[in-house]
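Each chain is listed here by its residues.
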Amino acid sequence: MGRSRWQALLALTAALLAGLALAGCGSGSRSGADTYPTKQIRMLVPYTAGGPTDIAARSLGRYLAQDLGQPVVVENMPGASGTAAYQELLSAKPDGYTISMCALPTAVLNYLTNDVGYTRDSFKPIAVATQVPSALVVPADSPYRDLKALFDDAKANPTKVKVGTPGATNTHAAETRRITKLYGVPLEVVPFNGNSEVQAALLGDNVTVGFVNASQDVLPAIESGLLRPLAVGTPQRLDYLDAPTFVELGYPELVHSTTTFGVLASQETPDAVVRKLEDVLRRASTDPGVLDGLDRRYVPQQFLGSAELARMFAETEETFRGVVGN
């Protein structure tokens, strides 16, 4: 065989081997996504046990474990309005074995308010779990019988009305500041660590009014008459709370205080893994056991997946950017 023909054969062999190697890599990548998961998954919760985020995580975690055939361990990582959990998520290997619950708008307000080392571009949204509306509540014996009386007194006494919120950089604190900015009602935000602390402060007469999640942990106090709602922050009335909306009371812009609880991965997580998790959460959204665990009142009627949660991140950022920061 001539030298030139021999060189040509060697070149052809090398090319074929390279092609096979690339094909093998591609096949391995696909099979990795196809076989995910092969071990335990961590689901981080940015808040303490017992709250709405934790309740959602545990219900979803049970379904994920059953559907995917691997354990799902829920880890509560409270701190800095969720920042501790998000930073843990982003420090973990981006392979889908560490995911996190999130709460909007709080997750966005964190990076608008402070340099926390991430923005919405750091995450890859997976799906929405629940959406919990908010309510402005007062103790049963409060002199304020309606929202007008509260706001009129706040205008007449600019340092008097203190609003307890379940966090410093959450939707309730930000929406309270929007009330002042948009409608000239002087309100002082007094942040606490969760609904339960706001409720205790209200009953102890340490704050005037509470702006809280109308979630499973506070509804019993409302239903028993211990707390009385003055307004809810949804576009339409809620069938389980006897209270008008801010909209019908003349405040049409106050519709951004609903808390959306979702599931996130880090940005570099493979798309195929995210799609697999999104598909499982889509199935979970129609499972009777999951619906009961999440509380059907809070589960969106139509499944909201990765694209919808990403859109909510962007819209939240646009709504609150001028109120709290950059």
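Residues numbered from 1 in each chain as written. Predicted model: local features only at pLDDT ≥ 70, side-chain atom pairs only at ≥ 80, totals over all residues. Heavy atoms only, no water.

A. Quick look at the layout of surface pockets. Computed from the structure, the largest pocket encloses a volume of approximately 780 Å³. Considering the residues around the largest pocket, the lining is formed by 29 residues, among which Gln131, Thr234, Pro235, Thr258 and Thr260 are closest to the centre. Ranked by the residues each element gives to the lining of the largest pocket, the list is headed by helix H11 (residues 306–324), at six residues. Split into classes, the residues belonging to the lining of the largest pocket amount to twelve nonpolar, eleven polar and six charged. There is about 570 Å³ of room inside the second largest pocket. (1 Å grid on protein atoms, 1.4 Å probe; cavity = no way out; pocket = protein on both sides within 12 Å on 5 of 7 lines; lining within 4 Å. Points joined across faces, edges and corners; volume = space filled by probe spheres on them. Helix = DSSP H or I, 4+ residues; strand = E, 2+ residues; numbered from the N terminus. Nonpolar A, V, L, I, M, F, W, Y, C, P; charged D, E, K, R; others polar.)

B. The arrangement of the side chain of glutamate 317 in detail. Here glutamate 317 shows up in helix H11. The buried category is assigned to glutamate 317, whose relative accessible area is 12%. A polar atom in the side chain of glutamate 317 sits 2.5 Å from the side chain of tyrosine 111. Beyond its immediate chain neighbours, meaning those up to four positions away, glutamate 317 contacts Val108, Tyr111, Leu112 and Arg120. (Buried < 20%, exposed > 50% of the residue type's maximum accessible area, 1.4 Å probe, protein only. Polar contact = N/O pair within 3.5 Å; in protein donor to acceptor, adjacent residues only side chain to side chain. Contact = heavy atoms within 4.5 Å.)

C. Focus on the packing of aromatic side chains. For the coordinates displayed, the defined rule picks out ten aromatic pairs. Both rings, one in tyrosine 118 and one in phenylalanine 123, keep their centres 5.3 Å apart while their planes meet at 65 degrees; by these two values the pair is edge-to-face. Both residues of the pair, tyrosine 118 and phenylalanine 123, count as buried. Look at tyrosine 240 and tyrosine 298: their rings are 6.1 Å apart centre to centre, the planes differ by 90 degrees, and that puts the pair in the edge-to-face class. Here tyrosine 298 lies in the loop between helix H10 (288–294) and H11 and tyrosine 240 lies in the loop between strand E9 (227–232) and strand E10 (259–266), a separation of 58 residues in the sequence. By relative accessible area, which is 16% here, tyrosine 240 ends up buried. (Phe/Tyr/Trp six-rings, centres within 6.5 Å; stacked < 30°, edge-to-face > 60°.)

D. Here's a closer look at the pattern of salt bridges. Summed over the entire model, instances satisfying the criterion amount to 19 salt bridges. We note a salt bridge from glutamate 278 to arginine 282, for which the minimum N-O separation is 3.8 Å. Of the two residues, glutamate 278 and arginine 282 are both situated in helix H9 (residues 271–284); the distance of four residues between them amounts to about one turn of the helix. The class for glutamate 278 is buried, based on a relative accessible area of 14%. Two residues, glutamate 317 and arginine 321, come together in a salt bridge whose shortest N-O distance is 2.4 Å. Note that glutamate 317 and arginine 321 are positioned in helix H11 at a spacing of four residues, about one turn of the helix. Here the residues in one salt-bridge network are Arg42, Glu75 and Glu88, joined through shared partners. (Salt bridge = Lys/Arg side-chain N within 4 Å of Asp/Glu carboxyl O.)

E. Examining empty space enclosed by the protein more closely. According to the stated counting rule, one finds two cavities of 30 Å³ or more in the structure shown. Space inside the largest cavity adds up to approximately 130 Å³. Along its surface, the largest cavity is lined by 16 residues, and Val128, Ala129, Leu281, Ser285 and Phe303 are the ones closest to its centre. For the second largest cavity, the calculated volume is near 40 Å³. Taken together, Pro52, Ile55, Ala56, Thr130, Val132, Gln216, Leu294 and Tyr298 make up the lining of the second largest cavity. Those elements that place two or more of their residues in the lining of the second largest cavity are helix H2 (52–68) and strand E4 (123–132). For the lining of the second largest cavity, the leading source of residues is H2, giving three residues.

F. Representation of helix H3 (residues 83–91) within the structure. Restricting attention to buried positions, one finds in H3 the residues Thr83, Ala85, Tyr86 and Leu89. With its buried residues spanning 165 degrees around the axis, H3 presents them on a single face. Buried residues in H3 make contact with strand E1 (41–45), strand E3 (98–104), helix H4 (106–113), E4 and E10. (Arc of directions from axis to C-beta.)

G. Representation of the sheet that holds strand E5 (residues 134–139) in the model. Across the sheet, five strands lie side by side as E7-E6-E8-E5-E9; this open sheet has mixed pairing. Lying at the two open borders of the sheet, with one neighbouring strand each, are strand E7 (188–191) and E9. Neighbouring strand axes in the sheet, compared pairwise and without regard to direction, differ in orientation by 30 degrees on average. Sheet topology places strand E6 (residues 162–165) next to E7; four bridges connect them, and they run parallel. (Pairing = 2+ DSSP bridges. Axes fitted to C-alpha atoms, helices over the stretch in contact; angles between N-to-C directions.)

Note that every value here comes from positions in space, so none of it alone points to a role or purpose.
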